[in-house]
Amino acid sequence: MTRSLALALVLAAALARAHQPPSPPAEGEAPRVASFALILGVNRSYDRAQKPLRFADDDAARYLDLFRLLGARTYLLARLDDNTRRLHPQAAAEALEPTLPSLRAQVRQLAQDIAQARARGVAAELYVVYAGHGALRDGAGTVSLEDGPLTGTELAREVVEPVGASRVHLIVDACDSYYLAYGRGPGGERRALSGFAVAPGLAGAANVGLLLSTSSARESHEWEGVQAGIFHHEVRSALMGAADADRDGRVSYREVAAFVAQANAAIPNERFRPQVHARPPAGGDVLLDLRPGLGRRLEVEGALGGHYQLEDGNGVRLAEFHSVPGQPVHLIRPGPTDTHFLRRVGEHEQEYRLPAGDGVVVLAALEPRPPQVAWRGAAHEAFTRLFTLPFGPDEVARMTLPPAPRVPSAPSPASPAVTGSDARFEGGVVALVVGGIAFAGVVGTSVHAQGLADKLPPTASQSMVAEQNARIRTANTAMMVLGGVGLGASVLGGVLLLWSGAPATTPVPTVTVGPGAGALSLSGQW
């Protein structure tokens, strides 16, 4: 009786909450914007030395379904294999080949659509999603299309800038994806921001947000268990609502980063633990507004918290989450004409059949049953640990993101002359260079003086010793003079730099904090 009464109370509360419509924007809140999505899935690179992927086309097709659920106008570039065409007929009907000419044609169409939205007073938000191959070439990160590479700078110049969207969200899972935005500096491959120079295109654009699958040159992973890339599977789960820890109907960069990090935290081997680099654009950290799709959702009450997998009728895993006890979860329901299944994973597995149709489905109102389909095949031991740890608001609170880029201040066309602040900045840089040269002279002179002392043979006469001592005293005097010049120039340079303030073209120091790594870097164009 006690268990039945508790279940009845949970069901009553869930039904009351479920039928409350999503909250409209509050008074004074910025109006919702029109959403556009450009999705690229590339299994086979132009570089035949790269092993073909299996599920980049599946990732692209599932992103098409997700963004369509939220009302976004979506463009798809992918060559679907036979299995993906059967599973995703809508994607098969719309997909164009993932080549540079197709990309440029889609960008032209996107620019026209966004220009039309702006002309009607509607802001535009663009999502650029890439699943496929990446590489590091000549210090620059690239992603592959079937007929050639695309660098981060080219992506900024040929895609981001021409479309004219107010905000752009770049979601990439590819080898060396970090270098698309951050060009590699000296020192080889590094795991954090130290040693990288900020690229002028993607990382320096104030309206561009970044969600990248790695913080270093690490391989991307696919898994038969989800028939997708691991990172994209986790991101799609987050964007369907599983990462909305504060349940405000919007998924932030911080929530996605915490969700992905927690999903992978139980994997002991770092090689199989995808890391995420999330940096929001200037002006806010909202990655996706779920509210247009929350009228048709699944509600999982906090009393039913646990590890769940959402699958379609073909056994394709669409989303996955592990909620902490007491943390409710809402998930956008896919495919209004299809039946889906929610499987609870654990010691006592259960399966819920989600009915087709529109509206809200409350999990507590459904009758669980033993799973009808047993998992077949040997899953990778590492990936079976995905979503082992539960996710909730505490994980979001612990997550730290790099700061958003600053919007550069435009110089005044009426005042081309160098300002006092610029002159002080340039003088400070020159003074620091002079100080560095002076200190280098100190080191050289010290080495020279030591060499003079070492050259004296044990049998040297007193006159020879006196002459050599005179040379050493001269070298010591030069060391003192150079040291004084170096110290004075360094102090003067520091004072001038602090007095001038950083110029608008100089990026602020960036801090990256992640599992097992943290770094501080200062980079820019002088």
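(A) Representation of the packing of helix 7 (residues 230–242) against helix 8 (residues 253–264). Interaxial distance between helix 7 and helix 8 falls to 10 Å at its minimum, and their mutual angle equals 130 degrees. Between helix 7 and helix 8, the angle falls in the class oblique. Every pair of crossing elements has a handedness; the one defined by helix 7 and helix 8 is right-handed. Across the interface between the two elements, Ile230, Phe231, Glu234, Val235, Ser237, Ala238, Leu239 and Ala242 from helix 7 touch Val256, Phe259, Val260, Ala263 and Asn264 from helix 8. A class-by-class count of the residues in the contact of helix 7 with helix 8 yields ten nonpolar, two polar and one charged.

(B) Molecular detail of the sheet that holds strand 6 (residues 148–151). With antiparallel pairing, three strands are arranged side by side in an open sheet as 4-5-6. In this open sheet, the two edge strands, each paired with only one partner strand, are strand 4 (134–137) and strand 6. Each strand of the sheet is rotated relative to its neighbour by a mean of 40 degrees, with strand direction disregarded. The sheet contacts of helix 5 (residues 100–119) involve strand 5 (140–145) and strand 6, and relative to strand 6 the element is tilted by about 45 degrees. Along the sheet, helix 6 (residues 152–163) contacts strand 5 and strand 6; its crossing angle with strand 6, the most-contacted strand, is approximately 85 degrees.

(C) Region of the structure containing unusual backbone geometry. A positive phi angle, close to 55 degrees, is found at Arg247, a residue other than glycine. For Arg247, the location among the structural elements is in the loop between helix 7 and strand 13 (250–252).

(D) A look at the pattern of salt bridges. The tally for this structure, following the rule as stated, stands at 17 salt bridges. Residue Glu158 pairs with Arg104 through a salt bridge whose shortest N-O separation is 3.3 Å. Of this pair, Glu158 sits in helix 6 while Arg104 sits in helix 5, and the two are 54 residues apart along the sequence. Taking relative accessible area as the criterion, Glu158 reaches 24% and is therefore assigned partly exposed. Of the residues examined, Arg104 reaches a relative accessible area of 39% and is grouped as partly exposed. Across the pair Arg291 and Asp289 runs a salt bridge, and its minimum N-O distance is 2.8 Å.

Thresholds, definitions, all that
- Once a new chain begins, its residue numbering starts again from 1 and follows that chain's sequence as written.
- Whole-chain, interface and lining totals are the exception, using all residues; otherwise, since this is a predicted model, local features are given only for residues with pLDDT of at least 70 and side-chain atom pairs are given and counted only at 80 or more.
- Excluding hydrogens and water, the side-chain figures rest on all heavy atoms present in the structure.
- Convention adopted: a line fitted to C-alpha atoms gives each axis, helices being fitted over their contacting stretch, and angles between N-to-C directions are expressed from 0 to 180 degrees.
- A run of H or I in DSSP becomes a helix once it reaches four residues, and a run of E becomes a strand once it reaches two; helices and strands are each numbered from the N terminus.
- Note that the term roughly parallel is reserved for angles under 35 degrees, roughly antiparallel for angles over 145, roughly perpendicular for angles of 65 to 115, and oblique for everything else.
- If you view the pair so one helix is near and one far, a crossing is left-handed when the near helix is turned anticlockwise from the far one by less than a right angle, and right-handed when it is turned clockwise.
- Any two residues having at least one pair of non-hydrogen atoms within 4.5 Å are treated as being in contact.
- Under the scheme applied, nonpolar residues are Ala, Val, Leu, Ile, Met, Phe, Trp, Tyr, Cys and Pro; charged residues are Asp, Glu, Lys and Arg; polar residues are all the others, including Gly.
- A pair of strands is considered paired only if DSSP assigns at least 2 bridges between the two.
- The term salt bridge refers to a pairing of a side-chain nitrogen on Lys or Arg with a carboxyl oxygen on Asp or Glu at a separation within 4 Å.
- Only protein chains enter the accessibility calculation, which uses a 1.4 Å probe; a residue whose area is less than 20% of its type maximum is buried, one above 50% is exposed, and one in between is partly exposed.

Everything listed is a geometric property; what it means functionally is a separate question.
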